[in-house]
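Observations on the model geometry
Chain by chain, the residues run as shown.
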Amino acid sequence: MNITQTFYNNLATQYDKLFLDWQSTTHEQAVILNKLFADNGYDNTARILDCACGIGTQSIGLAALGYQVTASDISDAEIAEAKKRAAKNNVKILFEHADFCALSETFSEKFDIVIAMDNALPHMLSESALEAAIKSITNQIATGGMFVASIRDYDTLLADKPPYSPPYIHKTDKGQRVSFQTWEWNDDHYKLIQYIIDDEKTLQISKFECEYRATRRDELTNLLAANGCSKVEWKFPEETGFYQPIVIAKK
């Protein structure tokens, strides 16, 4: 089991604590993605693969809008959590364990849209690993389909290499929750420690560690263009309402 699997397996049951209201977020993000899809000529008859589904934040919202969604992840614990949440939301999603660097080992079907949201691609810690992921993902996109992904704005972050992310402070019925990350940089890699502090009747502190490689937009654009995508464009938060830059690549 690699560091990414361990990180998400451990975080799975607490991942929703990173949001003020996870349930509302599933709807809000689905609305944003639905608009991007519509702007590119798709409706909810499109077949979607969420290849980094986590606990279902995007998959569940899109399924609630009527999309046919297949969802996969490298973390079995997150898939288990996503299945429970899909059932609670009364949506039907096909869940599979799959590494997005080797999607063809799990899926023979090609999809109209493949998504990888919430900074999933920068888990690839080398140029060759990122290239393998892009090759795998674009191979599962049907001709005329598209890929949609979001990453942090590393083009900006690499200029200053901040040592932490601003904290999120969420009021709860019993107190408050504080979540933040520390970042320890080594060139374009950084060790991330995610802290979740529940300050309610009793104080509980959780800590989760992972590693990322800061992926520049040009690198991702060039890899997508080299792997069959004829049009690659970036959309930014002020335009989409999503909290990270989004890349859209047409095959």
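Structure's up top.
Residues numbered from 1 in each chain as written. Predicted model: local features only at pLDDT ≥ 70, side-chain atom pairs only at ≥ 80, totals over all residues. Heavy atoms only, no water.

Some remarks on the nonpolar core
This is how it is decided: For the purposes of this section, nonpolar cores are sets of buried Ala, Val, Leu, Ile, Met, Phe, Trp, Tyr and Cys residues that join through side-chain atoms within 4.5 Å. Relative accessibility decides the category of a residue: with a 1.4 Å probe and only protein chains considered, values under 20% of the type maximum give buried, values over 50% give exposed, and everything between is partly exposed. The contact definition used throughout considers only heavy atoms, calling two residues in contact when any of these lie within 4.5 Å.
Counting residues in hydrophobic clusters, the biggest one holds 48 residues, and the most contacted among them are F37, L62, I93 and V148. Setting aside anything within four residues of it in sequence, one finds V148 in contact with L33, F37, V114, I115, A116, M117, I246, V247 and I248. Core analysis: the second largest hydrophobic core is formed by 28 residues, L49, A98, A120 and I141 among them.

Overview of the layout of surface pockets
The test is simple: Cavities and pockets were defined on a 1 Å grid built from protein atoms only: a cavity is a group of points that admits a 1.4 Å probe but offers it no way out, a pocket is an open group of points flanked by protein on both sides within 12 Å along at least five of seven lines, and a lining residue is one with an atom within 4 Å of any such point. Grid points are joined across faces, edges and corners, and a volume is the space filled by probe spheres set on the points. Think of it this way: any DSSP run of H or I at least four residues long counts as a helix, any run of E at least two long counts as a strand, and we number them from the N terminus. Under the convention adopted here, Pro, Cys and the residues Ala, Val, Leu, Ile, Met, Phe, Trp and Tyr are nonpolar, Asp, Glu, Lys and Arg are charged, and Gly plus all remaining residues are polar.
What the largest pocket holds in volume is close to 830 Å³. Lining of the largest pocket is provided by 30 residues; of these, L18, Y168, Q181, Y243 and Q244 occupy positions nearest its centre. Put simply, the parts of the chain that give the lining of the largest pocket at least two residues each are α1 (3–11), α2 (22–39), β6 (168–172), β7 (175–186) and β8 (189–199). For the lining of the largest pocket, the residue count by class is 16 nonpolar, 10 polar and 4 charged. Quantified by volume, the second largest pocket comes out at close to 420 Å³. As for the second largest pocket, its lining consists of 26 residues, and the residues nearest its centre are T4, Y8, I74, F100 and H123. Within the residue set of the lining of the second largest pocket, elements represented by two or more residues are α1 and α3 (57–64). If you tally residues by element for the lining of the second largest pocket, the top one is α1, at 3 residues.

Thoughts on the pattern of salt bridges
To keep things clear, this is the line we draw: Basic side-chain nitrogens of Lys or Arg form a salt bridge, by our definition, when they fall within 4 Å of a carboxyl oxygen of Asp or Glu.
Counted according to the given criterion, the structure contains 16 salt bridges. Across the salt bridge formed by D16 and R85, the nearest N and O atoms sit 3.1 Å from each other. Of this pair, D16 sits in the loop between α1 and α2 while R85 sits in helix α4 (residues 76–88), and the two are 69 residues apart along the sequence. The exposure class of D16 is partly exposed, given its relative accessible area of 24%. Judged by relative accessible area, which is 13%, R85 ranks as buried.

Some details on the state of the cysteines
The line we're drawing: The criterion for a disulfide is a pair of cysteine sulfur atoms lying within 2.5 Å.
Within the structure shown, the criterion is met by 0 disulfides. Looking at the unpaired C51, the closest cysteine sulfur is the one in C53, lying at 9.2 Å. According to the relative accessible area criterion, C51 is buried, its value standing at 2%. Of all cysteine sulfurs in the structure, the one in C51 sits closest to C101, which takes part in no disulfide; the separation is 9.4 Å. By relative accessible area, which is 24% here, C101 ends up partly exposed.

Observations concerning the side chain of E78
Quick note on the threshold: Two residue types count as positive, namely Lys and Arg, and two as negative, namely Asp and Glu; His and chain ends fall outside the count.
Structurally, E78 can be placed in helix α4. Buried E78, no salt bridge; nearest opposite-charge side chain is R85, N-O distance 8.8 Å. Excluding its chain neighbours within four sequence positions, the residues that come into contact with E78 are Y8, A12, Y15, G54, I55 and D73.

Observations concerning the packing of aromatic side chains
Put simply, the rule reads: The rule is short: rings of Phe, Tyr and Trp, with Trp giving its six-membered ring, pair when the centres are within 6.5 Å, and they are stacked under 30 degrees, edge-to-face over 60, tilted in between.
As enumerated under the stated definition, the model contains 11 aromatic pairs in all. Between the aromatic rings of Y15 and F19, the centroid separation amounts to 6.0 Å while the plane-to-plane angle is 50°, which identifies the pairing as tilted. In this structure F19 comes out as buried when scored by relative accessible area, which is 16%. Ring geometry for Y190 against Y212: centres 5.5 Å apart, planes inclined by 15°, an arrangement best described as stacked. Placement of Y190 in strand β8 and of Y212 in strand β9 (residues 203–213) is noted, with a sequence separation of 22 residues between them. In this structure Y190 comes out as buried when scored by relative accessible area, which is 1%. One aromatic cluster is present, built from ring pairs that chain together Y154, W183, W185, Y190 and Y212.

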